[in-house]
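What follows is the residue order along each chain.
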Amino acid sequence: MFCPNCGNQCPDGTKFCQSCGTPLTNNQQQNTQPDFNNQQANYQQPNQQYQQPNQQYQQPNYNQYQQPNQYRQPMYNQPYQQYPQYPDKFNGHQMGWYKFLIYFALFAGAFFNVCYAVLYMTGSIYETEQIDPLTVYSLYPGVKAVDIVYGILLLVLAVFMIVTRFQLSGLKKNGPKMVVALYGLNIAIAIIYAILISCTTDYMAFDASTVGQCILPIVMIIVNKVYFDRRKDIFVN
């Protein structure tokens, strides 16, 4: 038989439990074992429901990552650097005469000087209906050499005009000085030619035409000197 209190197995006929001392009666059923199954059945497990974390797996957004800057190839289609555009006003100064010089006057002057140089060096300057170069050179043999020298000086003057033009367009400091020197050189060439012609012929070359060739450059020297002196702050390169 088994003790109803502690479940200890006791010999049959024992009145008291040898383990806990609980009195045993005859009515106690033999071979009674504690109902562990019922105890286990009556055992209530805690009402805990496992909750998985409410986390939603998020795939990485690869578009968020910044791609490295792509290699930038040089842009070969870019236009070449051009000369600066000159406005009508620059630093508060009117630039109309300046633009007339660099865009027309100096180019035209160089062109006409080259044309006259060719005419004098070939003798075509004397070719008219009444006279021809051979007649002039036969009467005055030294005139041909004078004409060749004069033609070379005109070519030098034409080159100097082109150089002056680019000095002005680049706003170079020497540009205005070269303009004044250009007209001074024009006067000097006209006087040299008149002297040489007077020495090689009986013709007095200092006539109204020669005087006019000297007066106009003198006026241009004065005009350009005053004009560019007022714009010294522009030509500083």
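Everything below is about the structure printed above this text.
Residues numbered from 1 in each chain as written. Predicted model: local features only at pLDDT ≥ 70, side-chain atom pairs only at ≥ 80, totals over all residues. Heavy atoms only, no water.

1. Remarks on the packing of aromatic side chains
Applying the stated criterion across every chain, the model contains 10 aromatic pairs. Ring centres of Y98 and F235 lie 5.6 Å apart, and the angle between their planes is 65 degrees; on these two criteria the pair is classed as edge-to-face. With Y98 in helix α2 (residues 96-122) and F235 in the segment after α6 (208-229), this pair connects stretches of sequence that are 137 residues apart. Judged by relative accessible area, Y98 falls into the buried class, the value being 0%. Through a chain of ring-to-ring contacts, the aromatic side chains of Y98, Y227, F228 and F235 assemble into a single cluster. The lysine or arginine in question, R231, covers the ring of Y227, its NZ or CZ lying 3.7 Å from the ring centre. (Phe/Tyr/Trp six-rings, centres within 6.5 Å; stacked < 30°, edge-to-face > 60°. Helix = DSSP H or I, 4+ residues; strand = E, 2+ residues; numbered from the N terminus. Buried < 20%, exposed > 50% of the residue type's maximum accessible area, 1.4 Å probe, protein only. Lys NZ or Arg CZ within 6 Å of the ring centre and 35° of its normal.)

2. A look at the pattern of salt bridges
Under the criterion given, the structure shown has one salt bridge. In this structure, K225 and D229 form a salt bridge, with 2.7 Å as the shortest nitrogen-oxygen distance. Remark: D229 and K225 occur in helix α6; sequence separation between them is four residues, near one turn of the helix. Taking relative accessible area as the criterion, K225 reaches 42% and is therefore assigned partly exposed. A relative accessible area of 33% places D229 in the partly exposed class. (Salt bridge = Lys/Arg side-chain N within 4 Å of Asp/Glu carboxyl O.)

3. Regarding the side chain of T164
Of note, T164 is situated in helix α4 (residues 141-169). A polar side-chain atom of T164 sits 2.7 Å from the main-chain carbonyl oxygen of F160. (Polar contact = N/O pair within 3.5 Å; in protein donor to acceptor, adjacent residues only side chain to side chain.)

4. Section: α2
The end-to-end C-alpha distance of α2, which contains 27 residues, comes to 38 Å, matching closely the 39 Å that a straight helix rising 1.5 Å per residue would cover. Within α2, the axis deviates most sharply at I102, by approximately 45 degrees. Along α2, the residues classified as buried are Y98, L101, I102, L106, A108, G109, A110, N113, A117 and Y120. Its buried side turned inward, α2 meets α3 (133-139), α4, α5 (175-200) and α6. Downstream of α2 by a residue or two, G123 has a phi angle that is positive, lying close to 80 degrees. (Expected span 1.5 Å × (residues − 1). Bend = angle between axes of the 7 residues up to and from the residue. Contact = heavy atoms within 4.5 Å.)

5. A closer look at the nonpolar core
The nonpolar side chains of soluble globular proteins are, as a tendency, buried together. Among the nonpolar cores identified, the biggest contains 33 residues, and Y98, L168, Y193, F228 and F235 are the most heavily contacted of them. Elements represented by at least two residues in this core include exactly α2, α3, α4, α5 and α6. Sorting elements by how many residues they give to this core places α4 first, with eight residues. The contacts of Y193, once residues within four sequence positions are left out, are Y120, Y126, V146, D147 and Y150. (Core = buried A, V, L, I, M, F, W, Y, C linked by side-chain atoms within 4.5 Å.)

Read these as spatial facts, not as claims about activity.
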